[in-house]
Amino acid sequence: MASGGGNYRSGTHKNSLKGTTTTTATDRPLSVNTNPSKPTLKNKSLSSVGASSGLRKSSPGSLGGGGTAKDDAGVPGRVRVAVRLRPRNAEESVADADFADCVELQPEFKRLKLRKNNWDTDMYEFDEVLTEFASQKRVYEVVAKPVVESVLDGYNGTVMAYGQTGTGKTYTLGRLGEEDTADRGIIVRAMEDILADVSLETDSVSVSYLQLYMESLQDLIDPTNDNISIVEDPRSRDVSLPGATLFEIRDQQSFLELLRLGEAHRYAANTRSNTESSRSHALLMVHVKRSVKGSDLAHSSQNGNTTNMAKSLRPTLVRKGKLVVVDLAGSERIDKSGSEGHTLEEAKSINLSLSALGKCINALAENSAHVPIRDSKLTRLLRDSFGGTARTSLVITIGPSPRHRGETASTIMFGQRAMKVENMLKLKEEFDYKSLARKLDIQLDQLIMEHERKQKALEDEIERITTDARNQISEAERNYANAMEKERLKYQKEYMESIKKLEEKWMMNQQKNSERKDQIASSAEEVAELKRLLNKEISLRKIAEEEVHSLKSQIAQLKISEVSASSEVLKLRKMLEDEAYRKEKLEGEISTLQTQLLQLSFEADETRRRLDLDGPGIVPGSLESLISQARPQVNDLGNGEKDSIANLFEQVGLQKILSLLEAEDADVRIHAVKVVANLAAEESNQQKIVEAGGLTSLLALLGSSEDETIHRVAAGAIANLAMNETNQELIMSEGGISLLSMTAANAEDPQTCRMVAGAIANLCGNDKLQNKLRGEGGIKALLGMVKCGHPDVLAQVARGIANFAKCESRASTQGNKTGRSLLIEDGALPWIVQNANNDASPIRRHIELALCHLAQHEVNAKDMITGGALWELVSISRDCSREDIRNLAHRTLTSSPTFLAELRRLRIDY
Ligand code: ADP
Ligand code: MG
């Protein structure tokens, strides 16, 4: 700076430098985050310092006029001026390629060097120097942001661009940055900051967009509105445009649309009137209204004793800020314009506003007494912006081309002069008296109502207390009267009662006197009566005593006789028991004797029978009489014996005898079974025995007893009973075959087997029982007994086989049986053939008959031939001692084709 001191242009730059140094206290350079208004506003003392600091409150020649803010405390501030250099465009790059730029910027020193000629430059200092490389963002932050912030705080603010056409005024202010957001100009960024800071619920943002051309003010929002008048408030000097459209902004998008619309209208209007936008001024006015809360108010505690009432009565404070952005017409000189085809008048008119602005600024910069503010509409509109109460920023745009050096120089000079203009910032606060009045009305109403309510309550209370008091008095009176009455009644009652008592006492005394007299008279009579009653009682008592005495003696006698009677009963009972015992004993004895008698008679019977027989060894066994039924020739009982048994039968009784079969004593059982067997030998007894259950008992004995004598005798009895057809069925149905065969299998005495074989042999003779008998193993049982070899047994076996063969033959003849003999099936044939020549004639005879019966049927022939029976038959037919059997055998042989064929085959001549 010192080295270039001689190059400073006289006056202006020095002034400007001087101005910079002399106003250091308040004259701060524009910067991003600096807002001088904020601390000042919020700090009362600073504000008052500002007011009394001696700094110029408002210059006498200010656009706003001397008296505007006289009474108001304001903050002084200079118009801020920044210079922006447009980069070389394509044309300039070519045309000016060999020439240096007409300016040289020193942004670090906020200085600009303007080349005068090749060897001389002038140096100027600005609030901000923005090179061709400065971004839109930075330009906004240093030029416009502090103004926007002060608008949000309730001040008016102006941002305007001044410069030659084509140097970038519109670029700086109006770029929308649609393609590249980095290109957004001041207007768009300012609205973004405003919308971010306000609250649309309580605050409002509205916009007017206008064009000023040839002193005509047109509404760019509504182009039909083309002659808008400017109105000044005579008191506040505020400028307003009542005819301009005021568009409420809710968001950035609607704002951008509004700008586009305005631009389109501007373009259309200019085409219509054949004008250029560079000749017109574009003005954007943004009105910001903000409600300020009570606590924010600097006035709230001015008196120190603010009451709640006062607080509530305080009207809402509204802060109004207005931002004016002006894209000025091109600053190129008028003659140039005129040479482009405008009439001189037109050219004058076009630039009237701009030159008026220049004049006003000059006047303000020089503190001139007269500022020609009314010379143009622009100066009237911007009266607050220069030398007024607004914060103002001016950006001057210049091009680099040396060809436009003159225009650039004049632009720089305009900026330099503007830097000298000082403004007085004034807060635009307004009380909302209307709403305060409304509020007061409401409060008054409420107070009246409250008062009325209290009045009413008070009256009610008085009424209530009066009533209460009255009630209490009457209550007390009533109580007193009641108490008096009660007391009176009480005394009256007491008085009456004592009178009554006295009267009663007197009466009682009277009565007692008369009673005493009566009593003495009646006493003698009473005594006599009592005596009489006493005598009567005494005599009655005597009679009763006598009666009691006689009854007592009777009882004693009865007791004696009762004792003797009971001893008699005891004696009789004892006697009865003795008798019963004796009877029992006798009965036992009788039973024993009877049994003994039975036994004796049985033994005697047996002895007698033995003596009657041919002699010992021919037919051994004591129960021959049983078999004699099957062989009538063997024996018969004499009439005498029959009688004795019949007598016994009658004497003892069949039931008794049968019951003895189950006696505990084994001997008794044996005797009993013997007696039953003897009885069963008599045909006349058989039915009775069976009916009385004797047969069942005998069969049961075979199973239950282990004594062989019992087995033998019982089997004998069963054999006797088995001669009757009905009994045979009963024996079979009670499992007789298995009991009999089991008895035979366990027998040691051949006579036992003989009895069993006899019984089965009898069963074999029953036509109906053939299959059942064989099915239960009857034939096998018979054949099983032959191993004992005793001729008596063999004879009974042979008889059984003969009986069976006979029945079978009969059944075959009658057609009731088919197939070969069951005897052959059960393997009897070999034994039959073996014993066909047995020495014992009874055996031989039975076998001969059996063979004849078997041979009568062709089905048996083959087996008989194979078993050797053919030969036996032949010998029977030839040698049998009995003629009938011989003939039978012969007939049989000759009538069988099988036998005949075999005989022929064996070449036996028959
Ligand atoms: P003015 O409004 O002053 O007449 P414009 O803003 O219309 O000038 O700018 C003229 C031309 O220069 C436009 O094409 C614009 O894009 C360009 N321009 C202006 N300033 C700059 C800049 N700082 N950087 C790049 N181009 C610019
Ligand atoms: Mg422009």
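In this text, all values refer to a predicted model and were calculated from it rather than measured experimentally.

Quick look at the overall build of the protein now. When its secondary structure is counted, the protein shows 34 helices and 17 strands. Residues classed as buried in the protein amount to 43% of the 910 residues present. In the protein, of all internal contacts separated by at least 6 residues, the share reaching a separation of at least 24 is 72%. When the accessible surface of the protein is totalled, it reaches about 49,700 Å², and 53% of it is carbon and sulfur.

Let's shift gears to the sheet that holds strand 3 (residues 103-106). Read across the open sheet, the three strands follow the order 3-4-5; overall the sheet is antiparallel. Single-partner strands in this sheet number two, and they are strand 3 and strand 5 (121-125). Adjacent strand axes in the sheet meet at a mean angle of 20°, parallel and antiparallel pairs treated alike. As judged from the four bridges shared by strand 3 and strand 4 (residues 111-115), these two strands associate in the antiparallel manner.

Taken together, Arg-84, Arg-86, Pro-87, Gln-164, Thr-165, Gly-166, Thr-167, Gly-168, Lys-169, Thr-170, Tyr-171 and Arg-175 make up the full set of residues near ligand 1. In the model, an oxygen atom of ligand 1 is placed 2.8 Å from a nitrogen or oxygen of the Thr-170 side chain. In this structure, Tyr-171 approaches ligand 1 through a main-chain N or O atom, which is 2.8 Å from an oxygen atom. Expressed as a share of its isolated accessible area of 550 Å², the protein-covered part of ligand 1 is 67%. When residues of the shell around ligand 1 are assigned to their parent elements, the largest contribution, three residues, is made by helix 6 (residues 169-174). Looking at the shell around ligand 1 residue by residue, the class counts come to two nonpolar, six polar and four charged.

Moving on, we get to the pattern of salt bridges. Enumeration according to the criterion identifies 43 salt bridges in this entry. Across the pair Lys-116 and Asp-122 runs a salt bridge, and its minimum N-O distance is 3.9 Å. The exposure class assigned to Asp-122 is buried, which follows from its relative accessible area of 5%. Across the salt bridge formed by Arg-712 and Asp-749, the nearest N and O atoms sit 3.4 Å from each other. On the criterion of sequence distance, the pair formed by Arg-712 in helix 21 (residues 708-721) and Asp-749 in the loop between helix 23 (736-746) and helix 24 (750-764) is long-range, its members being 37 residues apart.

On to the packing of helix 27 (residues 791-813) against helix 30 (residues 841-855). Between helix 27 and helix 30, the shortest axis-to-axis distance is 8 Å and the interhelical angle comes to 20°. For the element pair helix 27 / helix 30, the angle class is roughly parallel. Pair helix 27 / helix 30 crosses with left-handed handedness. In contact with Pro-791, Leu-794, Ala-795, Ala-798, Arg-799, Ile-801, Ala-802, Ala-805, Lys-806, Glu-808 and Ser-809 of helix 27, helix 30 contributes Pro-842, Ile-843, His-846, Ile-847, Ala-850, His-853 and Leu-854. Partitioned by chemical class, the residues of the contact of helix 27 with helix 30 number twelve nonpolar, three polar and three charged.

On average, residues of the protein score 81 in pLDDT, and 81% of them are at 70 or above. Low confidence marks residues 295-306, where pLDDT is under 50. Its contacts with residues over four positions away, or in another chain, come to ten contacts. Under a pLDDT of 50 for its full length, residues 613-642 has, in the predicted model, 47 contacts with residues more than four places off or in other chains.

Counting 94 residues, the largest nonpolar core has Met-785, Val-797, Trp-831, Leu-851, Met-864, Leu-873 and Phe-899 as the members making the most contacts within it. Dropping the residues within four chain positions of it, Met-864 is found in contact with Ile-824, Leu-829, Leu-851, Leu-854, Ala-855, Ala-869, Leu-870, Leu-873 and Phe-899. Counting 48 residues, the second-largest nonpolar core is a separate cluster that includes Leu-112, Val-129, Val-239 and Leu-241.

All of the buried residues along helix 19 (residues 683-691) are Asn-685, Gln-686, Ile-689 and Val-690. Looking straight down helix 19, one finds that the buried residues subtend no more than 135° of arc, so they occupy a single side. Exposed and oriented more than 90 degrees from the buried face of helix 19 are Ser-684, Gln-687 and Glu-691. Phi turns positive one or two residues past the end of helix 19, at Gly-693, with a value near 90°.

As a further point, take the packing of aromatic side chains. A full pass over the atoms with the stated rule returns one aromatic pair. Ring geometry for Tyr-162 and Phe-414: centres 3.6 Å apart, planes at 5°, overall stacked. Pair noted here: Tyr-162 is in strand 7 (residues 156-163) and Phe-414 is in helix 13 (residues 405-418), with a separation of 252 residues, a long-range link. Taking relative accessible area as the criterion, Phe-414 reaches 3% and is therefore assigned buried. Looking at Lys-490, its charged tip hangs above the ring of Tyr-491, at a distance of 5.9 Å from the centre.

Our next topic: the pairing of strand 14 (residues 317-327). Counted residue by residue, strand 14 has nine buried out of eleven residues, so it is predominantly covered. Note that strand 7 and strand 14 share six bridges and pair parallel. Considered in strand 14, the bridge of Ala-161 is made with Asp-327.

Looking at where Tyr-140 falls in the secondary structure, it is placed in helix 5 (residues 136-152). Measuring from C-alpha to C-alpha, the distance between Tyr-140 and Ala-190 comes to 8.0 Å, with 50 residues separating the pair along the chain. Contacts of Tyr-140, omitting those with residues within four sequence positions, involve Lys-145, Val-148, Ile-186, Arg-189, Ala-190 and Asp-193.

Each value, and the rule that gives it
- Residues numbered from 1 in each chain as written.
- Chains lettered and ligands numbered in written order.
- Predicted model: local features only at pLDDT ≥ 70, side-chain atom pairs only at ≥ 80, totals over all residues.
- Heavy atoms only, no water.
- Helix = DSSP H or I, 4+ residues; strand = E, 2+ residues; numbered from the N terminus.
- Buried < 20%, exposed > 50% of the residue type's maximum accessible area, 1.4 Å probe, protein only.
- Contact = heavy atoms within 4.5 Å.
- Areas by Shrake-Rupley, 256 points an atom, 1.4 Å probe, with all protein chains shown as cover.
- Pairing = 2+ DSSP bridges.
- Axes fitted to C-alpha atoms, helices over the stretch in contact; angles between N-to-C directions.
- Near = heavy atom within 4 Å.
- Polar contact = N/O pair within 3.5 Å; in protein donor to acceptor, adjacent residues only side chain to side chain.
- Nonpolar A, V, L, I, M, F, W, Y, C, P; charged D, E, K, R; others polar.
- Salt bridge = Lys/Arg side-chain N within 4 Å of Asp/Glu carboxyl O.
- Parallel < 35°, antiparallel > 145°, perpendicular 65-115°, else oblique.
- Left-handed = near helix turned anticlockwise from the far one by under 90°.
- pLDDT = per-residue confidence, 0-100.
- Core = buried A, V, L, I, M, F, W, Y, C linked by side-chain atoms within 4.5 Å.
- Arc of directions from axis to C-beta.
- Phe/Tyr/Trp six-rings, centres within 6.5 Å; stacked < 30°, edge-to-face > 60°.
- Lys NZ or Arg CZ within 6 Å of the ring centre and 35° of its normal.

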